[in-house]
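Close look at the chain arrangement
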Amino acid sequence: MRLVFAGTPETALPSLRALLDSPRHEVAAVVTRPDAQSGRGRKVHPSPVAQLAEESGIEVLKPPKAGDPEFLDRLRAIAPDCCPVVAYGALLPQAALDIPRHGWVNLHFSLLPAWRGAAPVQHAVLHGDEITGASTFRIVKELDAGPVFGVLTEAVRPDDTSGILLARLAEAGAGLLLGTLDGIEDGTLEARPQPADGVSLAPKIEVDDARIDWGAPAMRVDRLVRACTPAPGAWTELHGQRVKIGRVRPAPEADKLAPGEIAATRSAVRVGTGTHPVELTEVQPQGKRVMDAAEWARGVRFTGGESFA
């Protein structure tokens, strides 16, 4: 089939590479979000998908909105048979959905109808799911509610961050998306409606949502930190300054601490929760680099009795 691929972040690259390597399909163009500021210098850069497409000699479309008339006219001129989508990051109006004869086929990183929305992997980690996966479905106007072509499953490991889990799903999902497009092209695959039961929503996790409640159980603190790694980053406050918290290790064998209370030695930093303490591995003080938690504590010079807000 003649394809126009829509995607923006690194998560979309395994799928784009798989389609570029496929002998059965032609990627005629990609659609991605406009160039944006990134990195420490906040310089404007093209998206990872745009960079790969440009390196591959493929036309890149960067509409501010997918409903812009100029973009819709160009899409009609390209005349794609299908538009595969992976983490594009913008809403698609019906006028765009109607252009390819096989529609827009999205690779979504959950087992639909579970975790419809922008942050399915983060919510799977946050809520302690043991199994998650990926689904391919035809995009319709309602959020992530279209009929499903195929799924794959993936175990959520006890130490998975959302970033690590998403990377695994992105690699595995590339094969699922390619197989879905192959099945659509040869007529052997038919989408089936999602069940009405089991719908859950996964809205974007904002910075305010990532603040650690030290009064919560240790398991909940661990899940929040892993769900918010690498973004937006779980955080707390010490002496009025924000401190980002890297992965923690539950420490049920440690002496009891009050919620938020810090116990620091030369080799370990533990913090109290609503149940048992957790041990910090890495922290990032406001305006500074990421560092080993024990190294950070030696610089702070705790005297005892300190507590995170």
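Note that the coordinates shown come from a computational prediction; the quantities given were computed from them, not determined experimentally.

When helices and strands are counted, the protein shows 8 helices and 17 strands. The burial tally for the protein puts 50% of its 309 residues in the buried class. Considering only contacts within the protein whose residues lie at least 6 apart along the sequence, 64% involve residues at least 24 apart. Within the structure as shown, the protein displays about 15,100 Å² of accessible surface, and the carbon and sulfur contribution to it stands at 51%. One way to put it: in the protein the 34 positive side-chain charges average out to a point 5 Å from where the 39 negative ones average out.

Looking now at the sheet that holds strand 2 (residues 26–31). Each strand in a sheet pairs with its neighbour through backbone hydrogen bonds, running either in the same direction (parallel) or in the opposite one (antiparallel). Sheet architecture is open: 7 strands sit in the order 5-2-1-6-7-8-9, paired in mixed fashion. The sheet is open, and its two edges are formed by strand 5 (59–61) and strand 9 (148–155), each paired on a single side. Ignoring strand direction, the axes of neighbouring strands in this sheet form an average angle of 20°. Sheet analysis places strand 2 next to strand 5, joined by 3 bridges and oriented parallel. Bridging across to strand 5, V31 finds its partner in L61. Its contacts with the sheet put helix 2 (residues 48–55) on strand 1 (2–7), strand 2 and strand 5, and the angle it makes with strand 5 is roughly 155°. Packed onto the sheet, helix 3 (residues 69–78) meets strand 1, strand 2, strand 5 and strand 7 (104–108) and runs at close to 145° relative to strand 5.

Right, let's get into the nonpolar core. Formed by 62 residues in total, the largest nonpolar core has its most connected members in F5, I245, L280, W296 and F308. Considering each element in turn, this core owes the most residues, 7 residues, to helix 6 (residues 162–186). Beyond its immediate chain neighbours, meaning those up to four positions away, L280 contacts W214, I245, R247, V248, V269, V271, A293, W296 and F308. A6, L61, L72 and I99 belong to the second largest nonpolar core, which has 23 residues in total.

Attention shifts here to the pairing of strand 6 (residues 83–86). Going residue by residue along strand 6, you find C83 and V85 tucked away on one face and P84 and V86 tucked away on the opposite face as well. Here 3 bridges tie strand 6 to strand 7, and the two strands are oriented parallel to one another. Pairing of P84 across the sheet is with V105, part of strand 7.

Sheet architecture is open: 4 strands sit in the order 12-15-14-13, paired in antiparallel fashion. Each end of this open sheet is capped by a strand with a single partner; those strands are strand 12 (248–250) and strand 13 (262–264). Mean inter-strand twist for the sheet, computed between neighbouring axes without regard to direction, equals 30°. Where strand 12 meets strand 15 (residues 278–280), 3 bridges bridge the pair, whose relative direction is antiparallel. Bridge pairing in strand 15 places V248 opposite L280. Lying over the sheet, helix 8 (residues 293–300) contacts strand 13, strand 14 (269–271) and strand 15, oriented at roughly 90° with respect to strand 14.

Looking now at the packing of helix 1 (residues 13–21) against helix 6. Two numbers describe how helix 1 lies on helix 6: the axes approach to 8 Å, and their chain directions differ by 40°. By the angle class used here, helix 1 and helix 6 are oblique. Remark: the crossing between helix 1 and helix 6 carries right-handed chirality. For the pair helix 1 and helix 6, contact is made by P14, S15, A18 and L19 and by A170, E171, G173, A174, L177, L178 and L181, respectively. Looking at the contact of helix 1 with helix 6 residue by residue, the class counts come to 8 nonpolar, 2 polar and 1 charged.

How each quantity is defined
- Residues numbered from 1 in each chain as written.
- Predicted model: local features only at pLDDT ≥ 70, side-chain atom pairs only at ≥ 80, totals over all residues.
- Heavy atoms only, no water.
- Helix = DSSP H or I, 4+ residues; strand = E, 2+ residues; numbered from the N terminus.
- Buried < 20%, exposed > 50% of the residue type's maximum accessible area, 1.4 Å probe, protein only.
- Contact = heavy atoms within 4.5 Å.
- Areas by Shrake-Rupley, 256 points an atom, 1.4 Å probe, with all protein chains shown as cover.
- Lys, Arg positive; Asp, Glu negative; His and termini not counted.
- Charge placed at Lys NZ, Arg CZ, Asp CG, Glu CD.
- Pairing = 2+ DSSP bridges.
- Axes fitted to C-alpha atoms, helices over the stretch in contact; angles between N-to-C directions.
- Core = buried A, V, L, I, M, F, W, Y, C linked by side-chain atoms within 4.5 Å.
- Parallel < 35°, antiparallel > 145°, perpendicular 65-115°, else oblique.
- Left-handed = near helix turned anticlockwise from the far one by under 90°.
- Nonpolar A, V, L, I, M, F, W, Y, C, P; charged D, E, K, R; others polar.

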